[in-house]
Amino acid sequence: MYGLVGPNGSGKTTTLELLAGLRQPSAGRIELGVAEDSVAYCPDAPEFEPWLTAVEVLDVASGLLGRPRSRAALAAMLEQVGLSEAAKRSVGGFSRGMRSRLGLAAGLIGEPKLLIADEPAAALDPAGRFEVIDVLAALAGSVTVLVSSHDLADVERICDRIGVLAKGRLVYQGAVSELLAMAAPALRVVVRPPADRLLAALAAAPWVRSVREEQPGELVIDVGDPAAAELYLPGVLAECGARLVEVGRAGVVAARVAAALEDPAADRARRDLPHPRPR
């Protein structure tokens, strides 16, 4: 599992389309190590004929590949992506998350050796994102997966090696843990709303760079001093009478990571890290 992250406009889709053979490079060459007919590409927003059912979509896809599958195999694939109960439903009524999972199923039905998935969790709600990422996680060991995202948290769950794109340039390739050490730490704190008092107290804390309320009671804190945050956050919560629901590390947006990696100090640190080949 290899993750490619970067902010919007960094070149992720162009890179994946080059790898999938949908674009021709202006220079250089691409070696994937597998035959062209063993590569499947899943776009970020798959489109299907709305009157087809889910099982018909897979039947058509396998037929176009010249690898027709039995009804049992089609049903098993829909089961794998969590769409077995929607097998006979017209895809025109599918949510975006369901279409993303069906797109993955259409890519997998030909039994590829390499699956390229372009931001499969983009624009989905948290539940939909988890469903799609879980589908990809279940593929570990059976097929090589290259997945892109603008949110590091999406690929962090399933990839141990990632690459970061910024302005069309690969600025990092290596372990997720080493990359996170370079990124600005952020905490996600969920309390019972209202959170106005807690928001004001955190904004005034010297160890907080910025804080915002993404949804009622859900705060994302950009931490300037992680050690101080661990020490003083419980006290701030207690002083504000906040009823804590959840606390954890916030998802790291690729734009922040890319900006950190373009910093000269981060660049010097990056040069000291090993840069293994993707696997």
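Trainee: Break down the overall build of the protein chain for me, with residues and values.
Mentor: In terms of helices and strands, the protein chain carries eleven helices and ten strands. Expressed as a percentage of the 279 residues in the protein chain, the buried residues total 44%. A separation threshold of at least 6 residues defines the contact pool for the protein chain, and within that pool the share at least 24 residues apart is 71%. Carbon and sulfur atoms make up 52% of the accessible area of the protein chain, which amounts to about 14,400 Å² in all.

Trainee: Explain the sheet that holds strand S8 (residues 208-215) to me, and be specific about the residues and the numbers.
Mentor: Pairing is antiparallel in the open sheet, where four strands are placed in the order S8-S9-S7-S10. The sheet is open, and its two edges are formed by S8 and strand S10 (244-249), each paired on a single side. Averaged over neighbouring strand pairs, the angle between their axes works out to 20° when direction is ignored. Bridge count for strand S7 (residues 186-191) against S10 is five bridges, and the pairing is antiparallel. Paired with leucine 187 across the strands is arginine 249, a residue of S10. Contacting S7, S8 and strand S9 (218-223), helix H8 (residues 196-204) crosses the sheet at an angle of about 160° to S8. Strand contacts of helix H9 (residues 226-239): S7, S9 and S10, with the helix running at about 10° to S7, the strand carrying the most contacts.

Trainee: Explain helix H1 (residues 12-20) to me, and be specific about the residues and the numbers.
Mentor: Of the residues making up H1, those classed as buried are Lys12, Leu16 and Glu17. Down the axis of H1, the buried side of the element spans an arc of 125°, and every buried residue falls inside it. On its buried face, H1 is in contact with strand S1 (2-5), strand S2 (39-42), strand S3 (114-117), strand S4 (144-149) and strand S5 (161-166). Residue glycine 21 follows H1 closely and has a positive phi angle near 85°.

Trainee: Summarise the nonpolar core; cite the residues concerned and give the values.
Mentor: Ranked by size, the top nonpolar core spans 50 residues in total, and within it Leu102, Leu115, Leu136 and Ile162 carry the most contacts. Contact partners of leucine 102, with chain neighbours within four places excluded, come to Phe48, Ala54, Val57, Leu58, Leu78, Leu83, Val91 and Phe94. Core analysis: the second largest hydrophobic core is formed by 18 residues, Trp207, Val211, Ala228 and Ala229 among them.

Trainee: Give me the pattern of salt bridges: which residues, what numbers.
Mentor: Applying the stated criterion to the full structure yields eleven salt bridges. Between arginine 69 and glutamate 111 there is a salt bridge, with its nearest N and O atoms 3.7 Å apart. Taken together, the positions of arginine 69 in the loop between helix H2 (54-64) and helix H3 (71-80) and glutamate 111 in the loop between helix H4 (96-108) and S3 put the pair 42 residues apart, joining distant regions of the chain. A residue is classified by how much of its surface remains accessible, and arginine 69, at 22% relative accessible area, is partly exposed. The shortest N-O distance in the salt bridge between arginine 212 and glutamate 214 comes to 2.9 Å. We classify glutamate 214 as partly exposed; its relative accessible area is 44%. Among the charged side chains, a network of salt bridges with common partners joins Arg188, Glu218 and Glu246.

Trainee: Just give me the short version of the packing of H4 against helix H5 (residues 126-137), but keep the residues and values in it.
Mentor: Contact geometry for H4 and H5: axes closest at 9 Å, N-to-C directions at 15°. With respect to H5, the element H4 is oriented roughly parallel. Note on packing geometry: the crossing formed by H4 with H5 is right-handed. Every residue of H5 that contacts H4 at Gly97, Ser100, Arg101 and Leu104 is listed here: Glu131, Val132, Val135 and Leu136. Among the residues making up the contact of H4 with H5, the classes are represented as four nonpolar, two polar and two charged.

Trainee: So what about empty space enclosed by the protein? Which residues, and what values?
Mentor: Using the criterion set out here, one finds one cavity of 30 Å³ or more in the structure. Of the pockets and cavities examined, the largest cavity occupies roughly 40 Å³. Every residue lining the largest cavity is listed: Cys42, Pro43, Asp44, Pro46, Ser100, Gly103, Leu104 and Pro120. No other element matches H4, which puts three residues into the lining of the largest cavity. A class-by-class count of the residues in the lining of the largest cavity yields five nonpolar, two polar and one charged.

Trainee: Lay out the environment of aspartate 59 with the relevant residues and their values.
Mentor: Within the element layout of this structure, aspartate 59 appears in helix H2. Remark: the alpha-carbon pair of aspartate 59 and isoleucine 109, spanning 50 residues in sequence, is separated by 8.9 Å. Residues in contact with aspartate 59, not counting those within four places in the same chain, are Arg71 and Leu74.

Rules used throughout
Starting afresh in each chain, residues are numbered from 1 along the sequence in its written order. Side-chain atom pairs in this predicted model are given and counted only at pLDDT of 80 or more, local residue features only at pLDDT of at least 70, and totals for whole chains, interfaces and linings cover all residues. Side-chain numbers here rest on the full set of heavy atoms in the structure, without hydrogens or water. Counting from the N terminus, the helices are DSSP H or I runs at least four residues long and the strands are E runs at least two residues long. Burial here depends on accessible area, computed with a 1.4 Å probe over protein chains only, as a share of the maximum for the residue type. Under 20% is buried, over 50% is exposed, and the range in between is partly exposed. Note on definitions: a residue-residue contact is assigned when non-hydrogen atoms from the two residues lie within 4.5 Å. To be clear on the numbers: accessible area is Shrake-Rupley with a 1.4 Å probe, and residue cover counts the displayed protein chains and nothing else. Two strands qualify as a pair provided DSSP detects at least 2 bridges between them. All axes here are fitted lines through C-alpha atoms, helices being fitted over the stretch that makes contact, and every angle between N-to-C directions spans 0 to 180 degrees. Taken from the helix axis, the directions to the C-beta atoms give the arc we talk about. What is meant by a nonpolar core is a set of buried Ala, Val, Leu, Ile, Met, Phe, Trp, Tyr and Cys residues, joined one to another through side-chain atoms within 4.5 Å. For salt bridges, the criterion is a side-chain nitrogen of Lys or Arg within 4 Å of an Asp or Glu carboxyl oxygen. Oblique is the label for any angle not covered by the other classes, which are roughly parallel (under 35 degrees), roughly antiparallel (over 145) and roughly perpendicular (65 to 115). Should the near helix be turned counterclockwise from the far one by less than a right angle, the crossing is left-handed, whereas a clockwise turn marks it as right-handed. Gly is placed with the polar residues, together with every amino acid not listed as nonpolar (Ala, Val, Leu, Ile, Met, Phe, Trp, Tyr, Cys and Pro) or charged (Asp, Glu, Lys and Arg). Points on a 1 Å grid, built from protein atoms alone, make a cavity when a 1.4 Å probe fits but cannot get out and make a pocket when they are open with protein on both sides within 12 Å along at least 5 of 7 lines; residues with an atom within 4 Å of a point are the lining residues. Grid points are joined across faces, edges and corners, and a volume is the space filled by probe spheres set on the points.

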